[in-house]
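Summary of the model geometry
So the chains spell out like this:
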Amino acid sequence: MRTLLKASLAVLVLVAAGLLTACGSGSSSGGSTIPRIDENYDFQRAGVRPGVDTRPAGRGLIRGVLTNTSGGVVEGVDVTLYRLSTSRQASVGYAVARSDARGRYVFGSVPPGGYRVAVQDQIRDLTVRINQDTIANFNGLLGGTGGNVTRAKWTIMILMAADNDLERFAIADVNELERLPRNDDVNIVVLMDRSPGYDTTNGNWTDARRFVIQPDNDLEIMTSAIGAQSLGEIDSGSPETVRDFINWCQTNYPADRYLYNFWNHGSGWRPVGRGTEINTTRGILFDDTAGTYIKAHEMAQALDSRERIDVVTIDCSLMQMGETLAEIQGKTDYIVGSEESPPGEGYSYNVIYRNLMANPGMAPSTLAKDIVSQYVRDVGSRSSVTQSAFRTDRLPALWTALRGYSRALVTADARYHSQILAARNDTQRYGSYASLYDGNRDLIDFLDNVDRRTNNSTLRTAGNQVRAAFDAALLAEGHTGANLSRSHGLAVWLPNDSDWNLLRSSYIRTQFAGLTEWTNWLDTFYRW
């Protein structure tokens, strides 16, 4: 399980106010002091630099993103900055910055202190601290022009389905993302669905909010989410929600390359007691409020995007299975995921994207390999992990080779049934050895065990064809921990007899079963 080291929570107070023109003449109530605009402050003499992204030592910086009522970024909207004071002065002093093509504005080299940021009829009071960025995003704006006309090199899209017991990990992951340096050629867009029952920090909002990651140094506060657009309560376990989010990102943050990251629980082939279809199909993206999750046959529908997704990463448990890859291979070029259940922290996002931020021209294959190596090196140094990446254009040849192996197993069963059963039982398994996931087994380790126990030339020849196709499709693989030492990157379902009896009717409808004839062998093996 994940361990979070909690520092004292820094609270950013956003002072609600009425019309801007009324803010300079309020009165005190109950002994509290209402902040007023310092009408005599000289921003130019103070060294504030509107529109310049700079933060010298001893100074702060204010920045944010402006979006319209549809959530799209807006260009050419003026943002006004005022200095706050407890006394009234003479003539008004202010600074103005204008949002750029990505909807972003910035005030650089801002002295520490209290400020008011105003856009149209919206205002926000905030505190600038030494050597820190302060984020103030605004949504629901009018006017301006459609921004983001320049394509980035990469857009990373993460729907954090945290309407469940993973909520605190989602908050930690946003803070990891905010530790990455800024690069205008990489957009990181997050849609977070929070839960009413687990984590009360960061405003304790329980709806869904969409925002662009903005770098900061605060390890507790999700600064990027402050002022983010609320989408109300959503069903993050719906394929339509995923699809709409991806298409919204591609419309508003277009890029040459796209990465979509599944974030949530995963259960390989079997569910874990969530939703209404228990023990009937594999699940991912569980939404506790809606009582839903995305099922095996819905994964491709969820990835039905207007532009092809270059890399799909799966920060979920047990999803790097042949049964998963066969479902989504037509929607992306590379698939990255784990055979085993990762620790609660999941991906270390400030680590796996670090090289991309330094080199946004990175090719999709290079990024997929880098995510595997960085994750295994970092999280694998403190936990037992698995991670692998596959080329989807090479998967059809792997399924063809597996079909040949399935047929060889059918033929060999009469003579070698007990040996094959022993090989199956000795094969590397996943799911932390929970009985529910007894069938999640490493494909190549199974082939190796069958060879050793049968010493059959036909099975060995068919197995070698699978190995050759597997090696051609495998882009990268890594694992740590003695309990995972026989991992090779891809699991398949090798059920026991009771699980086969229970789940056969659902399994035969999967793409993998049809492509590999795996069900024919299992029927023979369990005497169907």
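Throughout what follows, the structure given in this document is the object of discussion.

This part is about the pattern of salt bridges. Under the criterion given, the structure shown has 31 salt bridges. Between arginine 182 and aspartate 133 there is a salt bridge, with its nearest N and O atoms 3.8 Å apart. Here aspartate 133 lies in strand S10 (residues 133-135) and arginine 182 lies in the loop between helix H2 (167-177) and strand S14 (186-193), a separation of 49 residues in the sequence. On the basis of relative accessibility, which here comes to 16%, the residue aspartate 133 falls in the buried class.

Side-chain positions along a regular strand alternate between the two faces of the sheet. A large share of strand S7 (residues 104-110) lies buried, amounting to six of its seven residues. In this structure, strand S3 (residues 60-68) lies alongside S7, joined through five bridges in antiparallel fashion. Each residue of the ladder has a partner; that of glycine 60, found in S7, is valine 110.

Let us look at the packing of aromatic side chains. Tallied over the full model, the rule gives 19 aromatic pairs. Residues tyrosine 349 and tyrosine 353 carry aromatic rings whose centres are separated by 5.9 Å and whose planes lie at 50° to one another, so their mutual orientation is tilted. Judged by relative accessible area, tyrosine 353 falls into the buried class, the value being 0%. Here the aromatic rings of phenylalanine 512 and tryptophan 518 are separated by 6.3 Å at their centres, their planes lie at 65°, and the arrangement is edge-to-face. Of the aromatic side chains, those joined through ring pairs into one cluster are Trp399, Phe446, Phe512, Trp518, Trp521, Phe525 and Tyr526. Over the ring of tryptophan 205 we find arginine 194, and its NZ or CZ is 4.9 Å from the ring centre. Above the ring of tryptophan 248, the side-chain terminus of arginine 210 is found at 3.7 Å from the ring centroid.

What follows covers empty space enclosed by the protein. A complete count under the given rule lists two cavities of 30 Å³ or more for this structure. If you add up the space inside the largest cavity, you get close to 200 Å³. Arg104, Arg182, Val186, Val212 and Ile213 are the residues nearest the centre of the largest cavity, which is lined by 17 residues in total. With three residues, the top contributor of residues to the lining of the largest cavity is S14. Counted by class, the lining of the largest cavity contains 11 nonpolar, three polar and three charged residues. Considering only enclosed or pocket space, the second largest cavity measures out at about 140 Å³ in volume. Every residue lining the second largest cavity is counted, 16 residues in all, and those nearest its centre are Val65, Thr67, Arg210, Phe211 and Val212. Here the lining of the second largest cavity takes three residues from strand S15 (residues 208-212), the largest share from any one element. Taken together, the residues that form the lining of the second largest cavity break down as seven nonpolar, eight polar and one charged.

Reading the values: rules and limits
- For every chain, the first residue of the written sequence is number 1, and numbering continues from 1 along that sequence.
- Local features are withheld for residues below a pLDDT of 70 in this predicted model, meaning they are given only at 70 or higher, and side-chain atom pairs are given and counted only at 80 or more; totals for whole chains, interfaces and linings count all residues.
- Heavy atoms from the whole structure form the basis of all side-chain values; hydrogens and water molecules are not counted.
- Each reported salt bridge corresponds to a side-chain nitrogen of Lys or Arg within 4 Å of a carboxyl oxygen of Asp or Glu.
- Strands are runs of DSSP state E lasting at least two residues, helices are runs of H or I lasting at least four, and both sets are numbered from the N terminus onward.
- Each residue gets one of three labels from its accessible area relative to the maximum for its type: buried under 20%, exposed over 50%, partly exposed in between, using a 1.4 Å probe on protein chains only.
- Should DSSP find at least two bridges between two strands, the strands are regarded as paired.
- Geometry of aromatic contacts follows a simple scheme: Phe, Tyr and Trp rings, the Trp one being its six-membered ring, pair when their centres are within 6.5 Å, and the pair is stacked under 30 degrees between planes, edge-to-face over 60, tilted otherwise.
- A positively charged side chain is recorded as over a ring if its NZ (Lys) or CZ (Arg) lies within 6 Å of the ring centre. The angle to the ring normal must also be within 35 degrees.
- Using a grid of 1 Å spacing that covers the protein atoms alone, one calls a set of points a cavity when a 1.4 Å probe fits there but cannot get out, and a pocket when the set is open and has protein on both sides within 12 Å along at least five of seven lines; lining residues are those with an atom within 4 Å of a point.
- Grid points are joined across faces, edges and corners, and a volume is the space filled by probe spheres set on the points.
- Basically, the charged four are Asp, Glu, Lys and Arg, the nonpolar ten are Ala, Val, Leu, Ile, Met, Phe, Trp, Tyr, Cys and Pro, and anything else, Gly included, counts as polar.

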